[in-house]
Each structure stands twice: as structure tokens, then as C-alpha cells.
Amino acid sequence: MVENLHPNLAPMYEEVLERNPGEKEYHQAVYEVIHSLNPIAGQRSEYMQWSILRRMCEPERQIIFRVPWTDDEGNVRINRGYRVEVNSALGPFKGGLRFHPSVNLSIVKFLGFEQVYKNALTGMPIGGGKGGSNFDPKGRSDAEVMRFCQSFMTELYRHIGEYTDVPAGDIGVGSREIGYLFGQYKRITNRYESGTITGKGLTWGGSRVRTEATGYGTVYFVKEMLADAGDDLDGKRVVVSGSGNVAIYAIEKAAQLGATVVACSDSNGFVVDEQGLDVELLREVKEKRRERLTAYAEARGGSVRHVTDGSIWSVPCDVALPCATQNELDGQAARTLIDNGVRVVAEGANMPCTPEAVHLFQESHVLFAPGKASNAGGVATSALEMQQNASRDTWSFEATDTRLEEIMTGIHRRVVETAEEYGQPGDYVAGANLASYMKVADAMVALGVV
Ligand code: GLU
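Worth saying up front: this structure is predicted, and the values here are computed from it rather than measured.

Procedures and definitions
- Residues numbered from 1 in each chain as written.
- Predicted model: local features only at pLDDT ≥ 70, side-chain atom pairs only at ≥ 80, totals over all residues.
- Heavy atoms only, no water.
- Helix = DSSP H or I, 4+ residues; strand = E, 2+ residues; numbered from the N terminus.
- Buried < 20%, exposed > 50% of the residue type's maximum accessible area, 1.4 Å probe, protein only.
- Contact = heavy atoms within 4.5 Å.
- Salt bridge = Lys/Arg side-chain N within 4 Å of Asp/Glu carboxyl O.
- Pairing = 2+ DSSP bridges.
- Axes fitted to C-alpha atoms, helices over the stretch in contact; angles between N-to-C directions.
- Near = heavy atom within 4 Å.
- Polar contact = N/O pair within 3.5 Å; in protein donor to acceptor, adjacent residues only side chain to side chain.
- Areas by Shrake-Rupley, 256 points an atom, 1.4 Å probe, with all protein chains shown as cover.
- Phe/Tyr/Trp six-rings, centres within 6.5 Å; stacked < 30°, edge-to-face > 60°.
- Lys NZ or Arg CZ within 6 Å of the ring centre and 35° of its normal.
- Parallel < 35°, antiparallel > 145°, perpendicular 65-115°, else oblique.
- Nonpolar A, V, L, I, M, F, W, Y, C, P; charged D, E, K, R; others polar.
- Core = buried A, V, L, I, M, F, W, Y, C linked by side-chain atoms within 4.5 Å.

**Q** It is not clear to me how the overall build of the chain should be interpreted in this structure. Could you clarify?
**A** When helices and strands are tallied, the chain shows 17 helices and twelve strands. Oriented by its inertia axes, the alpha-carbon framework of the chain measures out at about 60 × 55 × 45 Å. Put simply, the chain has 450 residues, and 58% of those count as buried. Contacts spanning at least 24 positions in sequence make up 72% of the contacts within the chain whose residues lie at least 6 apart.

Written out as C-alpha cells, the structure is:
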């Protein structure tokens, strides 16, 4: 790996490995960005001076805290809470909270690192950070989730604010959790500071389209990728992994644009619905009833297959949208997709494709979009929510959706142009990393050594 890096970059990556032992997801995210800097490592010395890259790889602040709470049986439970504030050169730290048993420091750091570059690509004035806990909301009652969120916020509140750090949702943190978190923040501070947290409900400071934004944005990005190739989504077969917030709205938008989405998944397996997934039913099962996809298959009946062994990526498709979680699509899955004729892969989740999978897609001339470009619509709409909060205004669905689509089109254009400028046409990974790195680096040079 290190041998593929420019001699100016290799020692910096080695330093990251040494300083952050065992954090494999963090190493993976950092390597991908550093590798993309090869074309500027020799010539563009202003981006290599003042230890810009070294500072970018060392988060500004990392907070780890105990989260004690009481379950419905009266047992005291202990979880670990995190907030990693990675970079605030472009604006207040901004990024979601993830509640999932797999959450550890490496995962929060990789997500926070990715967030810096993603947020820079949106063109909005936001820095990057991420947080969360190894708490698992699955199977917990509303009262338990509320007590957990209140305890989590009782520590977090002192670190966040409209001008400091603005959390939002991620896996396991939806509008229910955001409500309990915001409620506790409001109670502790005695201030209705809407701009401190995004993903809020529509009656208490939220933005229209925020729920749909990550999934819709991913599909708007795919639309641009296809348009550049003289094509569109009409009649395409699409496979979407996951069945959470990102997946559901990617499915909805792809179907609206004429595609047939034939499969989606959860941690127990996947469903194949050749007629095209019924989004209304999916929302009913996953969002309202909080049930598994088996319930979808039962309710839909007929030709729907529920598969518990095997990979969703064995379902043939033109467009694959991994919208579940990190490293869910490996080299073997990539090979199967390529053999089955996939043409576009766009990440709706954060880093769902392994480095080997990305390499295989690029080598086979499959159009591949990294999450920091293609899933930036969620955080971009969070920034629109912050704008509405700051001006005490609410925008219509149409106006907000139009802004989202413009932002995604803008990201696509910047990424494509940057890749061309640095001699890597069609390489969305290089384009996204170079464009965002240079934007953050410029601001860091201007702000001095801080
Ligand atoms: N968790 C989302 C992401 O990965 C959204 C973050 C936000 O809205 O701040 O970008």
C-alpha cells in the first residue's frame, strides 16, 4: 500500500498508522484520500506545506464518555459515547450520530474524516465531525431509547452548538432519537436553539426533504453520471442494499425516474421483487412498524423471494446502490456485479465498497461514485435546515428539493472537472478527494497554524 504513495506522502500515511494503531476503518478512509493526492504531491507545494495533511489526519478534538441509563427492568446499563470533531476550517463541525453495536473509535474517526471532505464538496459552510455510541436501539422500548438519549445528551450538550458542532442522525438515529436528544438539550440549556441539531421533525424546526435527502441525492448524482454517458435511469434495473432511511428514499426516487428497483436487504437477508419494490409497503414495514423484511415479503406475497443465504450483489442489475454500511460490498461481490453487467455503482452509505471492490470497478470501466460525493445530499440538506433555522423560516418541499438537486449537480460537475484537470478523467474518487482536499487546505493555509 505505502509503496503506491508519492514519496512526499508515504511518511505521512505511516505516521497515521503509528498514531492510530488497530483502527482499520480509519486507516482505510485516510489511505483513500492520501492516495488521491499523488498528482499534487510533487507540484502543488502549498498544499503540502505547514503540515496541512498531518493536521487533517489528527482530529481537532476527540471526546469519549460514559453513558449510563436504566432499562425497563430497572437494570443499570453502560454504553460508550463518542464525538470526534475532525476539522472546522470551513465552518462548525457537522456530522451525524450513529447508534449501533459496532461503533468504536475507529469507525467514528473514519466517518468524521469522510465527513470533512463530503461537507466541503457540498459548497456549504460546514466543517466535519461524527459521533455515536455502541448502544443498539433495536429491540429497545421507546422509553429506553428516550432514557439513553437523555443520558447521552447530558454529556454531549456542553460540546455542541450552532457555531461549534451540529450533530444529526446516521444509522440508528432517526427522528425519534433526534427528538429525545433535542428535547434534553433544550431542557438543560433552557434555550430553543434549533440550529444546534439537524434532522428535526417538521413541526419543531426541521426541514422538508431532510428525511428523503440522502437517498434522493444519491439518485440525482446517478442521474448526472448517466447523463454524461448519454443515458438515463428510465428502464434500468436497480439493486439497493439496506432498507433504512437512505435505501428507502433511493428506491423511491429511482422508481420515480423510471427505474425498476428489484432488491433491497436488511441484516437477516434480502428480498427480490421482480415487479419493482413497493415503497409504500416498505415504509410501512420499516418506518412505522419497525419490522424486518420478512414482514414485507409476507405482506406482498406472490412472486417476492426472501433470501437468507447469499449476497444481494448476486442479483443482476444495471445500477447498484450500496446503502447499508461500511465494507458491505467486497471484491467477490464486485466481480459478480461486473460479470452480470453492472454499469454504475454509487455509494449511498459511507465507504460501503472495500478498496478491492473500488479497484475492480474502476479497472472494468464501471462508473463508480464514492459516498463523499454521491451521498452528500443528506448533510447538504442539513445545512439547508441550519439556514432555515438561522432565518426563522421554512421552505416548501419543491424549493428545498430543487436546491438539493442543484447541489448534487454542482458536486457532480466539480468532481468530473477536477478529475479531468488532474489527468484522471472519469475517476470520481480522485476528483472528489482532490477537489475537497484543496478546498479545506486553502482555508487551513489562510487560517494559519491552529
Ligand atoms: N449522517 C449523514 C452523513 O453521513 C448526515 C450528517 C448530517 O446531516 O449532519 O452524511
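From this point, things continue past the structure.
**Q** I tried to follow the pattern of salt bridges on my own but got confused; where do I start?
**A** A side chain of one charge can pair with a side chain of the opposite charge when the charged atoms of the two come close. Applying the stated criterion to the full structure yields 31 salt bridges. Among the salt bridges present, the one from Glu-58 reaches Arg-19, with a minimum N-O distance of 3.1 Å. One end of the pair, Glu-58, is in the loop between α4 (52–56) and β1 (61–70); the other, Arg-19, is in helix α1 (residues 10–19), and 39 residues separate them in sequence. Here Asp-142 and Arg-176 are joined by a salt bridge, their closest N and O atoms 2.7 Å apart. One end of the pair, Asp-142, is in helix α6 (residues 142–156); the other, Arg-176, is in helix α7 (residues 175–189), with 34 residues separating them in the sequence. Among the residues examined, Asp-142 registers a relative accessible area of 45% and is labelled partly exposed. Linked by salt bridges that have partners in common, Glu-15, Arg-19, Arg-54 and Glu-58 make up one network.

**Q** Mind showing me how you'd approach the sheet that holds strand β4 (residues 128–133) here?
**A** Each strand in a sheet pairs with another by means of backbone hydrogen bonds, the pair being arranged parallel or else antiparallel. Taken in spatial order, the five strands make up an open sheet running β1-β2-β4-β3-β5, and their pairing is mixed. Among the strands making up the open sheet, the edge pair consists of β1 and β5 (165–168). Ignoring strand direction, the axes of neighbouring strands in this sheet form an average angle of 20°. Judged from the four bridges that link them, strand β3 (residues 93–99) and β5 form a sheet pairing that is parallel. Looking at the pairing, Lys-94 lines up with Val-166 of β5. Along the sheet face, helix α5 (residues 105–122) touches β1, β2 (76–87), β3 and β4 and points at about 150° away from the line of β4.

**Q** Before we go on, may I ask you to explain the site of the ligand in this structure?
**A** Around the ligand sit 13 residues in total, of which Lys-94, Lys-118, Gly-169, Asp-170 and Ser-382 are the nearest. In the model, an oxygen atom of the ligand is placed 2.7 Å from a nitrogen or oxygen of the Lys-94 side chain. The contact in question runs from an oxygen atom of the ligand to an N or O atom on the side chain of Gln-115, over 3.1 Å. Surface burial for the ligand is 95%, taken as the share of its 290 Å² of free accessible area covered by protein chains.

**Q** Please explain the side chain of Lys-200 as it appears in this structure.
**A** For Lys-200, the position within the fold is in the loop between α7 and α8 (210–228). Residue classification places Lys-200 among the buried residues on the basis of a relative accessible area of 4%. A polar atom in the side chain of Lys-200 sits 3.4 Å from the backbone oxygen of Gly-205. With sequence-adjacent residues up to four places away left out, Lys-200 is seen in contact with Ile-178, Phe-182, Ser-194, Gly-205, Gly-206, Ser-207, Glu-385 and Asn-389.

**Q** Help me understand the packing of aromatic side chains, please; the structure alone is not making it clear to me.
**A** One pair of aromatic rings is described through two measures. These are the centre distance and the angle between the planes. All chains considered together, the criterion is met by 17 aromatic pairs. With a centroid separation of 5.2 Å and an interplanar angle of 55°, the aromatic rings of Phe-65 and Phe-152 are classed as tilted. Here the residue Phe-65 occupies a position in strand β1, and Phe-152 occupies one in helix α6, the gap between them amounting to 87 residues. Directly above the aromatic system of Tyr-26 lies the positively charged group of Lys-109, at a separation of 4.8 Å from the ring centroid. Geometry around Tyr-216 places Lys-253 over its ring, the cationic atom sitting 4.4 Å from the centre.

**Q** I'm lost on the packing of α5 against helix α17 (residues 428–447) in this one. Help?
**A** Two numbers describe how α5 lies on α17: the axes approach to 8 Å, and their chain directions differ by 85°. Put simply, α5 runs roughly perpendicular to α17. Where α5 approaches α17, its residues Val-116, Tyr-117, Ala-120 and Leu-121 are matched on the opposing element by Ala-432, Ala-435, Ser-436, Tyr-437, Lys-439 and Val-440. For the contact of α5 with α17, the class distribution of residues is eight nonpolar, one polar and one charged.

**Q** Would you mind showing me how to read the environment of Leu-90 here?
**A** Position of Leu-90 among the secondary structure elements: in the loop between β2 and β3. The exposure class of Leu-90 is partly exposed, given its relative accessible area of 21%. For the pair formed by Leu-90 and Ile-126, sequence separation is 36 residues and the distance between their alpha carbons is 5.4 Å. Contacts of Leu-90, omitting those with residues within four sequence positions, involve Ala-120, Pro-125, Ile-126, Gly-127, Lys-439, Val-440 and Ala-443.

**Q** Can you help me understand the pairing of strand β8 (residues 269–272) in this one?
**A** Regular strands show a simple pattern: their side chains alternate between the two faces of the sheet. Covered by surrounding structure in β8 are Gly-269 and Val-271 together with Phe-270 and Val-272, the residues of both alternating faces. Inspection of the sheet shows strand β7 (residues 260–266) paired to β8 by four bridges, in the antiparallel sense. Considered in β8, the bridge of Cys-264 is made with Val-271. Between β7 and β8, which pair antiparallel one after the other, the connecting turn spans two residues. As paired strands, β8 and strand β9 (residues 305–307) are joined by three bridges and run antiparallel to one another.

**Q** Got a minute to help me understand the nonpolar core in this structure?
**A** Nonpolar side chains in soluble globular proteins tend to be buried together. Counting residues in each nonpolar core, the largest one holds 60 residues, and the members touching the most others are Tyr-296, Leu-321 and Ile-411. Per-element accounting of this core gives the leading share, eight residues, to α8. The residues contacting Leu-321, other than those within four sequence positions of it, are Thr-218, Val-219, Val-222, Val-238, Val-239, Val-240, Ser-241, Ala-250, Trp-313 and Ala-346. With 43 residues, the next largest nonpolar core counts Tyr-13, Leu-37, Met-56 and Val-108 among its residues.

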